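Architecture at a glance
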Amino acid sequence: QVQLVESGGALVQPGGSLRLSCAATGDVAGIFETNWYRQRPGQARDWVARITSDGETNYRSHVKDRFTISRDNAKATVYLQMNSLKSEDTALYLCHVGSRRSPTAIDYYWGQGTQVTVSS
C-alpha cells in the first residue's frame, strides 16, 4: 500500500508561482512513476505531467514551458513547480502513482488533491 499526501495549493494571482508536493509513504520502493493530474469542477481529470523512477519526464503540451516536475527520492516526494500561472490553471491537483508490487502486479494510487486557485 502507498499513501499519498499533496500540499502546496493556494490562491495566487495570475503570473504567480506555486510549488506542489506529493509525499508518498508506505511501500514506496515499488513506485515506478508519479503523475500529476488536475480536475476542474464538472470536468474530467486531465493529465498534467509525469516523472519515472529513471527521471524521465513528460508534460501536457500547454504546460511544458511553465511547469516542472521533479523528485526527491530521499523524501519520497515529487514536486510540481508551476510558474506563470493562468486562470485556466485553477483546479484540484492530484497525485497519482504506479507501484509494482511484483513482476506481474501493478497497483495505482491517488491522493486527495490540493486546490490551486489563480485569481486576481
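Use the structure listed above.
Residues numbered from 1 in each chain as written. Predicted model: local features only at pLDDT ≥ 70, side-chain atom pairs only at ≥ 80, totals over all residues. Heavy atoms only, no water.

What follows is about the overall build of the protein. Along the backbone of the protein there are zero helices and 11 strands. When the helices and strands of the protein are read in sequence order from the N terminus, they spell out β-β-β-β-β-β-β-β-β-β-β. Projected onto its principal axes, the C-alpha positions of the protein cover 50 × 25 × 25 Å. In the protein, of all internal contacts separated by at least 6 residues, the share reaching a separation of at least 24 is 52%. Of the roughly 6,400 Å² that the protein leaves accessible, carbon and sulfur atoms contribute 46%. If the 13 positive side-chain charges of the protein are averaged to one point and the 11 negative ones to another, these points end up 3 Å apart. (Helix = DSSP H or I, 4+ residues; strand = E, 2+ residues; numbered from the N terminus. Contact = heavy atoms within 4.5 Å. Areas by Shrake-Rupley, 256 points an atom, 1.4 Å probe, with all protein chains shown as cover. Lys, Arg positive; Asp, Glu negative; His and termini not counted. Charge placed at Lys NZ, Arg CZ, Asp CG, Glu CD.)

Read from one edge of the open sheet, four strands run 1-3-8-7, paired in antiparallel fashion. If you trace the sheet from one side to the other, it starts and ends with strand 1 (2-7) and strand 7 (67-72), each paired once. Averaged over all pairs of adjacent strands, the angle between their axes in this sheet comes to 15°, without regard to strand direction. As paired strands, strand 1 and strand 3 (residues 18-26) are joined by six bridges and run antiparallel to one another. Opposite Val5, over in strand 3, you have Ala23 as the bridge partner. (Pairing = 2+ DSSP bridges. Axes fitted to C-alpha atoms, helices over the stretch in contact; angles between N-to-C directions.)

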